[in-house]
Amino acid sequence: MIQFAERHGRIVHVSEVPSGLMCECICVACRRRLIARKGREVTHHFAHRDTFDCDGGWEGLTHSQAKQLIAEVRSLFVPLHDVALHDYTSRALRRPVMQKVEFERVNTEVSLGNYRIDLEGIHASGKRLVIEIAVTSACSRRKRQFLRRQQEPAVEIYLNQLSKGFTLDEFKEQVLKTAPRIWIYNSLFEQTRSQERRRRRALRSDLEERAEQYESAFQDLQQRVRDLATHSGDRLFTGILQLRNLKEFDIPFRTLCVFSESGLLAEFQNLAVVEERYVSRLGQFQGRTVGFFLLPEDSFITLKSKLRVPFPKARIAWIEGVPQDKLKWLKYRKWDPGMR
Ligand SMILES: [Zn+2]
């Protein structure tokens, strides 16, 4: 969609001219007459009167108009340089924190080494900012490397998303502020970036170390729970049924447990959790003495986060004062006749 055209030797936006042939515009690419299409339905644009295979010099025009705009306005929004490394990722790129830079003057088409740069903005302090504008092709790798080697603060603005048609105000807004822009080089940014890299490296190795420690502690604990259950075989423990908060074991809920000092693990405060499927039915027997054995094959509590935490698990075999035939729903394997 053609948005800019030439009118009496000057480049104009479609919004600045009357509709139709009255616009008196010609195409900068083929020099033919253009019609300004300014209806209600479509985005206003220029169209060739009789040919359709010309893009109206779109790329070159967008490029030169953007340059002219920055040169006139003498200011530009750039990404804040002290952003952390993650602000370089595509997600943050869409909404980086911006900072307005004002220039004392802006020069176009400047030579730097063997390269032509689109613009240089000269700050009141005398510092130069190289500004590159990419419409369809970005700054070359070599030019980029050159700017980095020279440690020239340089920013590149990407206007490749403009092709869908735009009003003049949108164009200004895009060029000066909202179109994506990335630092090719910025010393403060580089500093922050290498600091951030170092910080992350340190953090990562620290985390890895802690994960290793945690993993081995976890395995150790799990092994102890299994050993206890396996070695006690069919041994019947006795304990008291009680509701316990397991927060201190990093388990974020209360559940029915048996408390027994007869050989459970001290690090679990002599607790074993009651098998989940029986918790609701056994709740009414809190405070009673129960007989139970440990389940060697299921010594875990699975959390909502799917995280599994080793914990002794108890299968209740009898309950003090409750006759066996009232406990048919309990899949007990042992019965202590003395408790009948
Ligand atoms: Zn043309």
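Quick caveat: nothing in here was measured; it's all calculated off a predicted structure.

A. View of helix α1 (residues 58-73). Counted at 1.5 Å a residue, the expected span for α1 with its 16 residues is 22 Å, and the 22 Å between its end C-alpha atoms agrees. Of all the positions in α1, only L61, T62, Q65, A66 and I70 are classed as buried. Down the axis of α1, the smallest arc covering the buried residues is 160 degrees, so these residues share one side. Phi turns positive one or two residues past the end of α1, at R74, with a value near 55 degrees.

B. Broad picture of the confidence of the model for the protein. With 91% of its residues at a pLDDT of 70 or more, the protein shows a mean pLDDT of 85. Of all secondary-structure elements in the protein, the lowest mean pLDDT belongs to helix α2 (residues 90-94), at 47, while strand β14 (residues 254-259) reaches the highest, 95. This stretch, residues 82-94, has a pLDDT under 50; its non-local contacts, to residues over four places away or in other chains, come to 14 contacts.

C. Looking closely at the nonpolar core. Judged by nonpolar contacts, the single largest core of 23 residues is most densely connected at V258, A272, V274, F292, A314 and I316. Of all the elements in the fold, those that place two or more residues in this core are α5 (187-232), β13 (237-245), β14, β15 (271-274), β16 (289-294) and β19 (313-319). For this core, the element with the most residues is β19, which contributes five residues. With residues up to four places along the chain from it excluded, the contact list for V258 reads G239, I240, L241, A272, V274, V290, F292 and A314.

D. Just α5, in detail. With 46 residues, α5 ought to run about 68 Å at 1.5 Å a step, and its terminal C-alpha atoms sit 67 Å apart, in line with that. Across the 46 residues of α5, two count as buried, placing the element largely on the outside. One or two residues past the end of α5 sits G233, with phi positive at roughly 50 degrees.

E. Main features of the domain arrangement of the protein. In terms of domains, the protein is made up of domain 1 (4-56), domain 2 (61-185) and domain 3 (215-339). Domain 1 puts seven residues into the contact, and the matching count from domain 2 is six residues. Tallied by class, residues from the side of domain 1 that touches domain 2 come to three nonpolar, four polar and no charged.

F. Region of the structure containing the sheet that holds β15. The strand order around the closed barrel formed by five strands is β13-β14-β15-β19-β16, and the pairing between neighbours is mixed. Neighbour-to-neighbour, the strand axes of this sheet turn through a mean angle of 55 degrees, independent of strand direction. In this structure, β16 lies alongside β19, joined through five bridges in antiparallel fashion. In the strand pairing of β19, V290 is matched with I319.

G. Up close: the pairing of β15. Here three bridges tie β14 to β15, and the two strands are oriented antiparallel to one another. Bridged to F259 within β15 is L271.

H. Main features of the sheet that holds strand β8 (residues 105-112). A sheet is described by the order of its strands in space; here five strands give the open sequence β8-β9-β10-β11-β12, paired in mixed fashion. Strand pairing shows two members of the sheet lacking a second neighbour, β8 and β12 (181-185), which therefore form its edges. Taken pair by pair, the neighbouring strands of this sheet meet at an average axis angle of 35 degrees, ignoring direction. Of the strands in this sheet, β9 (115-122), β10 (128-134), β11 (154-158) and β12 are in contact with helix α3 (residues 141-149), which crosses β12 at around 60 degrees.

Conventions and cut-offs
- Residues numbered from 1 in each chain as written.
- Predicted model: local features only at pLDDT ≥ 70, side-chain atom pairs only at ≥ 80, totals over all residues.
- Helix = DSSP H or I, 4+ residues; strand = E, 2+ residues; numbered from the N terminus.
- Expected span 1.5 Å × (residues − 1).
- Buried ≥ 20, exposed ≤ 12 C-beta atoms within 10 Å, placed from the backbone.
- Arc of directions from axis to C-beta.
- pLDDT = per-residue confidence, 0-100.
- Contact = placed C-beta atoms within 7 Å.
- Core = buried A, V, L, I, M, F, W, Y, C linked by C-beta atoms within 7 Å.
- Domains from an automatic or database assignment.
- Nonpolar A, V, L, I, M, F, W, Y, C, P; charged D, E, K, R; others polar.
- Pairing = 2+ DSSP bridges.
- Axes fitted to C-alpha atoms, helices over the stretch in contact; angles between N-to-C directions.

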